[in-house]
Every structure is written in C-alpha cells, then in structure tokens.
Amino acid sequence: MTKTALVCGAGGFIGGHLVKRLKSEGFWVRGVDLKFHEHAETAADDFVIGDLRDQNFVRSIIDRRFDEVYQLAADMGGAGYVFTGDHDADIMHNSAMINLNVLDACHKRNIKRVFYSSSACMYPEHNQLDPDNPNCSEESAYPANPDSEYGWEKLFSERLYLAYNRNYGMECRVARFHNIFGPEGTWEGGKEKAPAALCRKVAAADDGGEIEVWGDGLQTRSFLYIDECLEGVLRLTRSDDFEGPVNIGSEEMISINNLARMVIGISGKDLKIRNIPGPEGVRGRNSDNRLIREKLGWAPNEPLKAGIERVYAWISGEVARRHNRQ
Ligand code: NAD
C-alpha cells in the first residue's frame, strides 16, 4: 500500500523540501500552509491553503490516518523578526495554537507518528554567552532560560508532544534544528537567516564595495544544509525507540564575519565587511551531536562551504532576475 504523509508548513522552506523528499520515496503527500510556496511549484499530491490556528480547519485536513505527520508550521523568522520583541505575542500565540490543534487532531484520529521541529533557540541564554564555547547539549536545556519568546514557545510545544506520548501512547518525535539553510528559502524581507542574508548582500554588492553585517561579527553559529536536515528528520521519525528531543545541526561552528568572508570568497568579488548595530541573538551557538550519533548512529558531516556554494549560486540567480526585471 502507498504510504501517506501530511506536511504542515509545506509552503515554507523546510516543508517544501520535505514534500519533495517524501515524493521521491513514493509517498502520497498532503501539504498544508497559509500560502503556496514562493520559490517552487509544490510536489504535493494535495496542497491545501488554510490556517492551522483554526481547529475546524485542522480537523478537516486530518480527515484520515496518515503514516507520518510532520508539523513544521510556525510563526517564525530570522533575527530581524524574532529578536526585536515586536512580534512576541503573535509568535507565541500563533505557534502554540498550531501545535495544540495539530497534535490533538492527530490523537483523535489515532495517528501515532508525528514529527515536531523545535529549535536550538530553546537552549538557555547563559550557556551561550561565550562565542567560542557554547553548550547546546540536549540535557543543558534545564533550568530553562531561552533568550526569546520564540524559544519559550518551542520549549512548551516540545513538552506538549512528549506529554501526548506519555499520556496517550503516541509516538511523537522531537528535533531541535540548528540554523537550516538551502536553496528555495527566504532570502529577503526581514525573515531570512544569516546565510541567505549574506549571500543576498554579496550578490547585490558592486565589486570593490562593502557589505553590512549585524553585530561585531564575532558571534558564532553553525549552519546545516537542508538535505542533511531532512535525512536526520526521517531517521528520527522512523526510529522506533528514540523520541528525542535531539539536536539536528552541524558541529562546524563559524563566526558571522568568517561566514561573510566565505561567501565573499565564493563570489570572487573584492568586498569589505562593515559591522553595524543590529539584532544578533546569543553570542555563540553550535550543535552538539553526541546524542544523535549515539541514538541514531548518524550525524551530519558535509562541510559548510559545499552548501554555501549551492545557496550562493541560487540566490545570486534570484538577485540577478530581480535586477533584470527592474
Ligand atoms: P518557514 O517560515 O519557511 O515555514 C513555516 C511555514 O509555516 C510557512 O510557510 C508559514 O506560512 C507556515 N505557517 C505559519 N503559520 C501558519 C498557520 N497559522 N497555518 C498554516 N501554516 C502556517 O520556516 P522553515 O525554515 O521552513 O521552518 C520550519 C520549522 O522548523 C519551523 O517550525 C521552525 O520553527 C523550525 N526551525 C527552523 C529553523 C531554520 O533554520 N530554518 C531552525 C530551527 C527551527
């Protein structure tokens, strides 16, 4: 029998790629989102536009048993959206509603396997003050102290999924993503993440000019290419004895200025970096992959540069197209 999957947030970056991956494995896929995918035609068999904050709508799309449900929908964005504080109420309310509705509708249809994407933003701020030695091991999550309301909502929802496992015999799986990047993601408008923002700035800059980088550029992060993220998601979802939460991220930590230098190097342009004040989040963050290696016998290992090259090629094409239209 053909296997079936539901992807909530299928019009988004990771959801769009996940739909493609599930289709390549022969699944029948229903995608749901507030919007169609902005950068690619959907590969889903059935794509439904609707609002997952609406309980009746959620019940209408979870109208059968799915073999796998992936809950990726969230009100989110890059540092420019999450860390200014201006969107806190929406972020918490919208994402919590989505998770409450989707999980309960799955429970009531007797769907057991639901994947939920949490975020490294739920880790305590005090463990991420040293850019060279951040601690993001899974057990460091408590006592909790995320630096954003986005992180607090993720923490609440992680616990919600695992509570349904305990109380209702569900088999939810929870991963904490660390900065996923790739082609066909948001690259402008304020919700884009650092790799996409830097690729756009470099692609748009004139040779010999400069680009602006938020903060002093010494803040560190790691970035995971979308294909490896999906590999981790599917391995975790299909694992029979491990529910998470577990990090899905790269351990190749880099400062934001060095990431900018990497992009500039790939572009072949001669550009200077100008550090300007801006929202930057915690000082340091890196994935800790000991648990995923131990539990799933797998961890991402592709060098960051290989993924950045692909994304730069895609974004510079988008920037050129935009320029030609103007
Ligand atoms: P994205 O913004 O591209 O996708 C999220 C999708 O959810 C969007 O298409 C949006 O329209 C949809 N959505 C939001 N509210 C909705 C609603 N009320 N009803 C229906 N759809 C709604 O983000 P993404 O990068 O693909 O992230 C997917 C998931 O992974 C999110 O839960 C996010 O918090 C988590 N995550 C992502 C990263 C990352 O680096 N991309 C890091 C950590 C966690």
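Keep in mind that what you see is a predicted model, and the values were worked out from it rather than measured.

Draft legend 1. Quick peek at the domain arrangement of the protein. Examined at the domain level, the protein breaks down into domain 1 (4-180 + 224-248) and domain 2 (183-222 + 253-286 + 303-321). Computed over C-alpha atoms only, the centres of domain 1 and domain 2 are separated by 25 Å. Contacts between the two partners involve 30 residues from domain 1 and, on the opposite side, 27 residues from domain 2. For the pair domain 1 and domain 2, the summed buried area comes to about 2300 Å², and 56% of that belongs to carbon and sulfur atoms. For domain 1, the biggest contributors to the area lost against domain 2 are His-39, Pro-131 and Tyr-225; these three give 26% of the whole. Run the count over domain 1 and domain 2 and you get one salt bridge. Between Lys-20 and Glu-184 there is a salt bridge; the shortest N-O distance is 2.8 Å.

Draft legend 2. Structural context of the site of the ligand. Inspection of the region around the ligand gives 26 residues, with Ile-14, Asp-33, Tyr-150, Lys-154 and Ile-180 positioned closest. A distance of 2.8 Å is found between an oxygen atom of the ligand and a backbone nitrogen or oxygen belonging to Phe-13. The separation between an oxygen atom of the ligand and a polar side-chain atom of Lys-35 is 3.3 Å. Notes on the ligand: free accessible area 820 Å², of which the protein chains cover 92%. Contributions of two or more residues to the shell around the ligand are made by helix H1 (13-24), strand S5 (114-119) and helix H5 (149-168). No other element matches the three residues that S5 contributes to the shell around the ligand. Taken together, the residues that form the shell around the ligand break down as twelve nonpolar, eight polar and six charged.

Draft legend 3. Spotlight on the nonpolar core. Ranked by internal contacts, the top residues of the largest apolar core, which has 59 residues, are Val-7, Leu-22, Tyr-70, Phe-177 and Ile-211. The element contributing the most residues to this core is helix H10 (residues 304-325), with seven residues. Residue-level mapping places this core at the junction of two domains, with at least three residues from each of domain 1 (4-180 + 224-248) and domain 2 (183-222 + 253-286 + 303-321). By size, the runner-up hydrophobic cluster in this structure holds 27 residues, among which are Leu-6, Ile-61, Val-102 and Ala-105.

Draft legend 4. Fine view of the sheet that holds strand S11 (residues 246-248). Read across the open sheet, the seven strands follow the order S3-S2-S1-S4-S5-S6-S11; overall the sheet is parallel. Strands at the two margins of the open sheet, each flanked by one partner only, are strand S3 (46-49) and S11. Averaged over all pairs of adjacent strands, the angle between their axes in this sheet comes to 20 degrees, without regard to strand direction. The pairing of strand S1 (residues 4-8) with strand S2 (residues 28-33) spans five bridges and is classified as parallel. By the bridge assignment, Ala-5 is partnered in S2 with Val-29. Sheet strands in contact with helix H4 (residues 88-108) are S1, strand S4 (68-71) and S5, and its direction is about 170 degrees off that of S4. Sheet strands in contact with H5 are S4, S5 and strand S6 (173-177), and its direction is about 155 degrees off that of S5.

Draft legend 5. Region of interest: the packing of aromatic side chains. Inspection of every chain in the model, using the stated rule, returns six aromatic pairs. When the ring of Tyr-164 is compared with that of Tyr-168, the centres are 5.1 Å apart and the planes differ by 65 degrees; the resulting orientation is edge-to-face. A residue pair is termed a helical-turn pair when its members lie 3 or 4 positions apart in one helix, as Tyr-164 and Tyr-168 do in helix H5 at four residues. Here a set of aromatic residues connected by ring pairs shows up, and it is made of Tyr-70, Phe-115 and Phe-177. When the ring centre of Trp-214 is taken as origin, the NZ or CZ atom of Lys-201, which lies over that ring, is 5.7 Å away. We note Arg-310 situated over the ring of Tyr-225; from NZ or CZ to the ring centre the distance is 4.5 Å.

About the thresholds
- Residues numbered from 1 in each chain as written.
- Predicted model: local features only at pLDDT ≥ 70, side-chain atom pairs only at ≥ 80, totals over all residues.
- Heavy atoms only, no water.
- Domains from an automatic or database assignment.
- Contact = heavy atoms within 4.5 Å.
- Buried area = accessible area lost by both parts, 1.4 Å probe.
- Salt bridge = Lys/Arg side-chain N within 4 Å of Asp/Glu carboxyl O.
- Near = heavy atom within 4 Å.
- Polar contact = N/O pair within 3.5 Å; in protein donor to acceptor, adjacent residues only side chain to side chain.
- Areas by Shrake-Rupley, 256 points an atom, 1.4 Å probe, with all protein chains shown as cover.
- Helix = DSSP H or I, 4+ residues; strand = E, 2+ residues; numbered from the N terminus.
- Nonpolar A, V, L, I, M, F, W, Y, C, P; charged D, E, K, R; others polar.
- Core = buried A, V, L, I, M, F, W, Y, C linked by side-chain atoms within 4.5 Å.
- Buried < 20%, exposed > 50% of the residue type's maximum accessible area, 1.4 Å probe, protein only.
- Pairing = 2+ DSSP bridges.
- Axes fitted to C-alpha atoms, helices over the stretch in contact; angles between N-to-C directions.
- Phe/Tyr/Trp six-rings, centres within 6.5 Å; stacked < 30°, edge-to-face > 60°.
- Lys NZ or Arg CZ within 6 Å of the ring centre and 35° of its normal.

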